[in-house]
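An overview of the molecular structure
One letter stands for each residue in the lines below.
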Amino acid sequence: FNPSVSAAKQGQDCQTYVFGLGGRGPDLNVAQAIRLGGITKLRTAEYRANEFQGIGKDCVVAYGE
């Protein structure tokens, strides 16, 4: 039995953008992802980027407890 698994939390800060229509929005923020996930003890954070047919989505995902 691993009690930390049940206490695991995840939060993310994402933005969607369309290529060719100006720049991207404000910088993604790990602290915002932590707050949105209700995380008090950060384990890891990762950056994800996806793009399909000119529409993209960037996310920072935080994992913790």
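The structure under discussion appears in the preceding block.
Residues numbered from 1 in each chain as written. Predicted model: local features only at pLDDT ≥ 70, side-chain atom pairs only at ≥ 80, totals over all residues. Heavy atoms only, no water.

Observations regarding the sheet that holds strand 3 (residues 55-64)
Basically, it comes down to this: Pairing between two strands is assigned when DSSP locates at least 2 bridges connecting them. Secondary structure is summarised from DSSP: a helix means a run of H or I of at least four residues, a strand means a run of E of at least two, and numbering begins at the N terminus for each. Convention adopted: a line fitted to C-alpha atoms gives each axis, helices being fitted over their contacting stretch, and angles between N-to-C directions are expressed from 0 to 180 degrees.
If you walk across this open sheet you meet the three strands as 1-3-2, and the pairing is antiparallel. Looking at the sheet topology across the chains shown, the edges are occupied by strand 1 (9-18) and strand 2 (42-52). The sheet shows a mean angle of 15° between the axes of neighbouring strands, direction not considered. Two strands pair when backbone bridges link them, and strand 2 and strand 3 are joined in this way by ten bridges, in the antiparallel orientation.

Observations regarding unusual backbone geometry
Positive phi outside glycine occurs at Gln53, with the angle close to 50°. Structurally, the position occupied by Gln53 is in the loop between strand 2 and strand 3.

What about the pattern of salt bridges?
Condition: We define a salt bridge as a side-chain nitrogen of Lys or Arg found within 4 Å of a carboxyl oxygen belonging to Asp or Glu. Exposure classes here rest on a 1.4 Å probe applied to the protein chains alone. A residue is buried below 20% of its type maximum, exposed above 50%, and partly exposed in between.
Counting across every chain of the model gives two salt bridges. Arg43 is the salt-bridge partner of Glu65, the closest N and O atoms lying 2.1 Å from each other. Taken together, the positions of Glu65 in the segment after strand 3 and Arg43 in strand 2 put the pair 22 residues apart, joining distant regions of the chain. Since its relative accessible area comes to 23%, Glu65 is described here as partly exposed.

Considering helix 2 (residues 30-37)
Which entries qualify depends on this criterion: Two N or O atoms count as a polar contact when they lie within 3.5 Å, although within protein this holds only if one can serve as hydrogen donor and the other as acceptor, and sequence-adjacent residues are included solely when both atoms are side-chain atoms.
Sitting at the head of helix 2, Asn29 places a side-chain oxygen 2.7 Å from the backbone nitrogen of Ala31. At the C-terminal side of helix 2, Gly38 shows a positive phi close to 65°.

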